[in-house]
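Summary of the model geometry
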There are 2 protein chains.
Amino acid sequence: MHERIKCEKYLSKVMSADEAAKLIYPNAVIGMSGFTPAGHAKAVPLAIARRAEATGEQLNLTVMTGASVGDEIDGALTRSGAMKRRTPYQTNSTVRNAINAGEIDYFDVHLSQVAVWAKNGFFGDIDFAIVEISGIDEEGHLIPSTSIGAANTYIECAKHVILEVNTTQPESLRGIHDVYTVERVPNSKPIPIIHADDRVGTDYYPCDFDKIAAIVYSDIPDHGRAVQPVDDISQKIADNIIELITKETQAGRLPVPLPPLQSGVGGVANAVLAGLKASDFTDLKVYSEVLQDAVFDLIDAGKISFASGTSLTVSPDFEEHYKANFENYRDKIMLRPQEISNHPEVIRRLGVIAMNTAIEADIFGNVNSSHINGTRIMNGIGGSGDFAQNAGLSIFMTPSTAKNGTLSCIVPFVTHVDHTEHDIHFLVTEYGYADLRCTTPLERARKIIDICAHPDFRPQLHDYLDRACAQCAHKHTPQLLSEVFQGK
Amino acid sequence: MHERIKCEKYLSKVMSADEAAKLIYPNAVIGMSGFTPAGHAKAVPLAIARRAEATGEQLNLTVMTGASVGDEIDGALTRSGAMKRRTPYQTNSTVRNAINAGEIDYFDVHLSQVAVWAKNGFFGDIDFAIVEISGIDEEGHLIPSTSIGAANTYIECAKHVILEVNTTQPESLRGIHDVYTVERVPNSKPIPIIHADDRVGTDYYPCDFDKIAAIVYSDIPDHGRAVQPVDDISQKIADNIIELITKETQAGRLPVPLPPLQSGVGGVANAVLAGLKASDFTDLKVYSEVLQDAVFDLIDAGKISFASGTSLTVSPDFEEHYKANFENYRDKIMLRPQEISNHPEVIRRLGVIAMNTAIEADIFGNVNSSHINGTRIMNGIGGSGDFAQNAGLSIFMTPSTAKNGTLSCIVPFVTHVDHTEHDIHFLVTEYGYADLRCTTPLERARKIIDICAHPDFRPQLHDYLDRACAQCAHKHTPQLLSEVFQGK
């Protein structure tokens, strides 16, 4: 174990997770590593949960992360009652249910803003950073593990730092990280990234030795999630996306090679990448959040020449291949802080092609990506706003229906707005893609109904629009507001 | 007149406005100079209107501008029937009524995106740029007049350029412009602006001589609008904004000197600047869109050390003073393209304090800034999204009521969303300021009702929220959707 800590003076800080957990005081604000179940702190949060359960103390913790994390944080700290507040993104059903039950207070922040807000003091004092690393080198450099997320910022801003040296994370990760931080206003400078593969920072977390309160060994592995199989609808959505991208290049509105791609996690994203693998596009770049199986598959195929993200997670099925071939991937991947992977400046400069998922979209092009029926939070906005607001091409996708075809995902008025009509260029369902650029609200509505809505729902959507056009005194955005949420 | 064209070969292109108007062909897409009634093309659009009226042709023009322009474009081209489509922003009542009557098609675009979309071909071919300039120098450089807006982009992208040399614009404007354009992806580079006063471009519009189809003399002046008087409510809103900014600096969340200020146009903006004049703040900077009377007043007072915008307009009352003192202002002001004045990269880097006006806001912090009752478009989103999404401090302000106190501007659900809960830090009314950062939806709702809503409307808003909390199965964002638009 100790071979992971190559700088001797750091050994004096080693203690057990339970001892480290005792350092946490009630009402603490804690920033933890972790982004889309990878590289999150594990041993110490579990120990905090054990402590809370054993003592019955009201710890009342505020827990901040990069994005979604594993059950070791969101599950254990919810069940133990140790966590009272949570931000900025979550996907664990235990914490989500607690949030929707009103038991845990959650607030939703653009992922690119977490670092800005932390540095500006919007979160108040950050008491602890609890950060997983893969080791400490001879110079005392902290080597990140499978994600960066906001860990660099939490280390920078926290009063105390607790490190988890995870011995299950391969030491070969050394060198794939690029830790760069934007200085606080008024000292902020241009981010010198001009290409997706530009290296601009260090391959370790800078950290004041005196701030380190504890170093804990952990042997709890990341749990890569199984890749969602590509169903028929996802495949059709992906086909439509490939088609629209192809047509944009043919029309000269997108350069070739393509600008870097951003995509969320899941079946459609995988199907899009699979489609690109079969396409004529080459020299593909990724400038996204999460690097998953499909990215490595396209590196294998010689299609992706570089992939930048903030998190790296592969499914159990893919793990063996990934590990065996890691040296082939090493110089084609990079993990950056989420402040940089999601930074408006870089996204706009690179002209990223952003592909994000909608829960529902309305006929005027507004997108709900966070709430079921306007009241039940799912995961949060995540990085979708960072990308959609600044993308060279902003694509939102959704199946045309939900609940086995009984609900239309295309509605007259979304029950919650995360992305406005101003920040969406294409809406895509399995039925087609609607180009919403340079369209009036009425033109948009007709396109979305005729192209994207499920044919079964088109008549009632047209009926709504026709009546709105007829009855509204003002014709710019025809709406019958009194009926849009009837029965909700 | 000819002394305004100092490079002889350009004289060969001079013709009358009516001759130039004949060059315009049906269905043309035209990009015109002009931003918040300043520096807009005047003589040629009036001549196009005359032509359309005289001949009865269906010209079917698409007219793009920087932002709002004078009646010479929006009034004349609407009345003459020459204009069929309009983007990205308008404030003229003639065109607004035509849009809401369904007679003119209008689409709404973030002002920072206009240049990006034009360069990427999203608008299709741009047939003509019609741009007001104040002169042409010995080297053939085109000297802008009182705004830049998107004129540089239209000149770059259009097939044909028509110039209006406006002899009423003072030649002393030479030198206040900084024309910089971001190259199209994949050649885009960091914008090297680190301080509001950094000069990074040329003081003229680059333009291929061969693209110039006509040069027209114009003596139609800009019509500066009278400054709205500061009423009691605006004064209170401004006082609240000054107070919150002061408290943010005291808490260390805002640096001193303050980051640059962005503010819209109108009474509250003027009252805020007047309040800053009376405050202890010094070395103020402006990084905004429109430079108006109050900015010059604060330069006079030694409070504003530099002001960057894309448009310069003073009221008739202030004009004499402004002209007499112009040489004092010259090195303290700069006009940039709206691509740069509104660029997310620069706004985020500078940590701009953004102050924008809401038509209505909901208790969860979503803002409607473009539509009355969800259907009637007012002016468009303008630059408010560019600034709100990227500001170091994003403030939205509104009087608590409209229609003589009969309507609450704080509602359960806004009838149109232009800015989501994610992009607003403070909501301010005459009753106070609600800090919405790091708050759950429920916390936000209580703050907004108790602090911002008019006391007469607080009981019914609380009643709504209480019932929503009681009746909603999901407590994260308690809503009773079926009643939010009742009676609308």
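Please read these numbers as outputs of a predicted model, since none were measured by experiment. (Residues numbered from 1 in each chain as written. Chains lettered and ligands numbered in written order. Predicted model: local features only at pLDDT ≥ 70, side-chain atom pairs only at ≥ 80, totals over all residues. Heavy atoms only, no water.)

**Some remarks on the UniProt feature "domain: Acetyl-CoA hydrolase/transferase N-terminal" (unreviewed entry) in chain A**
Cut-off, in case you're wondering: UniProt positions are given in the numbering used here, feature names are shortened, and annotations may be inferred rather than shown by experiment. In this description a helix means any DSSP run of H or I spanning at least four residues, a strand means any run of E spanning at least two, and both kinds are numbered starting from the N terminus.
As recorded in UniProt, the feature "domain: Acetyl-CoA hydrolase/transferase N-terminal" (unreviewed entry) lies at residues 8–216 of chain A. For residues 8–216 of chain A, helix accounts for 23% and strand for 19%, while the C-alpha atoms at its two ends are 15 Å apart.

**Quick look at the sheet that holds strand 17 (residues 367–368) of chain B**
Residue and element names in this part refer to chain B. Inclusion rule: Pairing between strands requires that DSSP locate at least two bridges from one strand to the other.
With mixed pairing, the three strands of this open sheet are ordered in space as 17-16-23. The sheet terminates laterally at strand 17 and strand 23 (410–411), the two strands that pair on one side only. With two bridges joining them, strand 16 (residues 360–362) and strand 17 adopt antiparallel strand pairing. Its bridge partner being in strand 17, Glu360 is matched across the sheet by Asn368.

**As for the interface of chain A and chain B**
Under the convention used in this document: By definition in these notes, contact holds between two residues if any of their heavy atoms fall within 4.5 Å. Once two parts are joined, some of their accessible surface, as seen by a 1.4 Å probe, is lost; buried area is that loss totalled over both. Counted as salt bridges are all cases of a side-chain nitrogen of Lys or Arg within 4 Å of a carboxyl oxygen of Asp or Glu. Any pair of nitrogen or oxygen atoms within 3.5 Å is treated as a polar contact; in protein, a donor-acceptor pairing is required on top of that, and neighbouring residues in sequence qualify only through side-chain atoms on both sides. Ten residues, namely Ala, Val, Leu, Ile, Met, Phe, Trp, Tyr, Cys and Pro, are considered nonpolar, four, namely Asp, Glu, Lys and Arg, are considered charged, and the remaining ones, Gly among them, are considered polar.
Taken residue by residue, the interface counts 80 residues in chain A and 80 residues in chain B. Between chain A and chain B, roughly 6500 Å² of surface is buried when both sides are summed, and carbon and sulfur atoms account for 57% of that area. At the boundary of chain A with chain B, the tally comes to four salt bridges. In this structure, Glu345(A) and Arg349(B) form a salt bridge, with 3.1 Å as the shortest nitrogen-oxygen distance. For the interface between chain A and chain B, the tally reads 26 residue pairs in polar contact (both at pLDDT 80 or more). Looking at the side of chain A that touches chain B, the elements with two or more residues in it are helix 4 (93–100), strand 4 (105–106), helix 5 (113–120), helix 13 (344–350), strand 19 (376–377), helix 15 (441–452) and helix 17 (481–484) of chain A. If you tally residues by element for the side of chain A that touches chain B, the top one is helix 13 of chain A, at five residues. Taken together, the residues of the side of chain A that touches chain B break down into 30 nonpolar, 32 polar and 18 charged.

**Looking at the pairing of strand 24 (residues 426–429) of chain B**
Residues and elements named next belong to chain B. The criterion, for reference: Any residue under 20% of the maximum accessible area for its type is buried, any over 50% is exposed, and the rest in between are partly exposed; the area is computed with a 1.4 Å probe on protein chains only.
Of the two faces of strand 24, the one carrying Phe426 and Val428 and the one carrying Leu427 and Thr429 are both buried. As paired strands, strand 20 (residues 393–397) and strand 24 are joined by three bridges and run parallel to one another. Residue Met397 lies in a different strand from strand 24, and its bridge partner there is Val428. Alignment of strand 24 against strand 25 (residues 432–435), held across four bridges, turns out to be antiparallel. Bridging across to strand 25, Val428 finds its partner in Tyr433. If you look at the hairpin formed by strand 24 and strand 25, you'll find two residues sitting between the two strands.

**Considerations on the UniProt feature "binding site: CoA" (unreviewed entry) in chain A**
Residue and element names in this part refer to chain A. According to UniProt, the feature "binding site: CoA" (unreviewed entry) maps to Gly264, Val265, Gly266, Gly267, Val268, Ile359, Asn379, Gly383 and Lys403 in the numbering used here. What stands out for the annotated residues spanning 140 residues is how far apart their C-alpha atoms range, the widest pair being 25.9 Å apart. Inspection of the secondary structure puts Ile359 in the loop between strand 15 (353–357) and strand 16 (360–362). What Ile359 contacts, discounting residues up to four positions off in sequence, is Asn368, Ser369, Ser370, His371, Ile372, Met378, Thr398 and Cys409. Positionally, Asn379 belongs in the loop between strand 19 and helix 14 (384–388). When residues no more than four places from it in sequence are discounted, the contact partners of Asn379 are Tyr89, Gln90, Thr91, Arg96, Tyr106 and Ser370.

**So, the packing of aromatic side chains**
Just so we agree on the cut-off: Pairing of aromatic rings covers Phe, Tyr and Trp, the last through its six-membered ring, and needs centres within 6.5 Å; plane angles under 30 degrees mean stacked, over 60 mean edge-to-face, and all others mean tilted. Over a ring means this: the NZ of a Lys or the CZ of an Arg is within 6 Å of the ring centre and within 35 degrees of the ring normal.
Summed over all chains, the structure comprises 28 aromatic pairs over all chains. Between Phe296(A) and Tyr322(A), the aromatic rings sit 5.1 Å apart at their centres with planes inclined by 70°, giving edge-to-face as the arrangement. With Phe296(A) in helix 9 (residues 293–300) and Tyr322(A) in helix 10 (residues 316–324), this residue pair connects regions lying 26 residues apart in the sequence. Take Phe296(A) and Tyr322(A): they sit in the same class, and that class is buried. Where Tyr322(B) meets Tyr329(B), the ring centres are 6.2 Å apart and the plane angle is 15°; that geometry is what we call stacked. Judged by its relative accessible area of 7%, Tyr322(B) falls in the buried class. Judged by its relative accessible area of 0%, Tyr329(B) falls in the buried class. A cation sits over an aromatic face here: Arg458(A) above Tyr431(A), 5.6 Å from the ring centre.

**Quick look at the relation of the copies chain A and chain B**
Our working definition: The fit set for superposing copies consists of C-alpha atoms from residues with pLDDT of at least 70 in both; the fit itself is least squares.
The operation relating chain A to chain B is a screw motion whose rotation component is 180°, with 0.0 Å of axial translation and a residual RMSD of 0.0 Å. On this basis, the relationship between the two copies can be described by a two-fold rotation axis. Taking the C-alpha atom as reference, chain A places Glu345(A) closest to the rotation axis, 2.2 Å from it.

**Digging into the environment of Lys277(B)**
All names here are of chain B. Along the chain, the position of Lys277 falls in helix 8 (residues 267–278). Under the relative-accessibility criterion, Lys277 is labelled partly exposed at 35%. Separated by 26 residues in sequence, Lys277 and Lys303 have C-alpha atoms that sit 6.4 Å apart. In this structure Lys277 touches Asp297, Leu298, Ala301 and Lys303, once residues within four positions along its chain are discounted.

**Some details on the side chain of Arg349(B)**
Checked against the element boundaries, Arg349(B) lands in helix 13 (residues 344–350). Polar contacts involving the side chain of Arg349(B) include one to the side chain of Glu345(B), which spans 2.6 Å. When near neighbours in sequence (up to four residues on either side) are disregarded, Arg349(B) contacts Val185(A), Ser188(A), Lys189(A), Pro190(A), Ile191(A), Glu345(A), Arg349(A), Ile191(B), Ile193(B) and Ile194(B).

**A closer look at unusual backbone geometry**
Note the cis peptide between Thr87(B) and Pro88(B), where omega equals -5°. The topology assignment puts Pro88(B) in the loop between strand 3 (83–87) and helix 4 (93–100). Across the junction of Val185(B) and Pro186(B), the peptide omega takes the value 10°, indicating a cis bond. The residue Pro186(B) is located in the loop between strand 7 (160–166) and strand 8 (212–218) in this model. The phi angle at Asn27(A) is positive, at roughly 70°, despite the residue not being glycine. Considering the arrangement of structural elements, one finds Asn27(A) in the loop between helix 1 (17–22) and strand 1 (29–32).

**Description of the packing of helix 7 (residues 232–250) of chain B against helix 8 of chain B**
Residues and elements named next belong to chain B. For the record, the criterion: Here an axis means a line fitted to C-alpha atoms, over the contact stretch when the element is a helix, while the angle between two N-to-C directions is reported on a 0 to 180 degree scale. Note that the term roughly parallel is reserved for angles under 35 degrees, roughly antiparallel for angles over 145, roughly perpendicular for angles of 65 to 115, and oblique for everything else. Crossings are assigned a handedness: left-handed for a near helix turned anticlockwise from the far helix by less than a right angle, right-handed for a clockwise turn.
At their nearest, the axes of helix 7 and helix 8 sit 8 Å apart, and the two run at 50° to each other. When the axes of helix 7 and helix 8 are compared, the pair comes out oblique. In this structure, the crossing between helix 7 and helix 8 has a hand that is right-handed. Residues Ser234, Gln235, Ile237, Ala238, Ile241 and Ile242 of helix 7 form the contact with helix 8, whose own contacting residues are Gly267, Val268, Ala271, Val272, Gly275 and Leu276. Of the residues assigned to the contact of helix 7 with helix 8, the class counts are eight nonpolar, four polar and no charged.

**Re the sheet that holds strand 16 of chain A**
All names here are of chain A. What the three strands build is an open sheet, ordered 17-16-23; its pairing is mixed. Looking at the sheet topology across the chains shown, the edges are occupied by strand 17 (367–368) and strand 23 (410–411). Pairing between strand 16 and strand 23: two bridges, direction parallel. If you follow Ala361 over to strand 23, its bridge partner there is Ile410.

**Details of the packing of helix 8 of chain B against helix 9 (residues 293–300) of chain B**
All names here are of chain B. The contact between helix 8 and helix 9 brings their axes to 9 Å, and the two run at 10°. Between helix 8 and helix 9, the angle falls in the class roughly parallel. Of the residues in helix 9, those touching helix 8 at Asn270, Leu273, Leu276 and Lys277 are Ala294, Val295, Asp297 and Leu298. The residue makeup of the contact of helix 8 with helix 9, split by class, is five nonpolar, one polar and two charged.

**Some points on the nonpolar core**
As a rule of thumb, soluble globular proteins bury nonpolar side chains together. Keep this limit in mind: Only buried residues count toward a nonpolar core. Its members are Ala, Val, Leu, Ile, Met, Phe, Trp, Tyr and Cys residues joined through side-chain atoms within 4.5 Å.
Grouped together as the largest cluster of nonpolar side chains are 155 residues, with contacts concentrated most on Phe296(A), Ile395(A) and Phe296(B). Discounting residues that sit within four places of it in the chain, Phe296(B) has contacts with Leu291(B), Leu312(B), Val314(B), Phe318(B), Tyr322(B), Tyr329(B) and Ile333(B). Counting residues in each nonpolar core, the second largest holds 58 residues, with Leu427(A), Cys452(A), Phe396(B) and Ala468(B) among its members.

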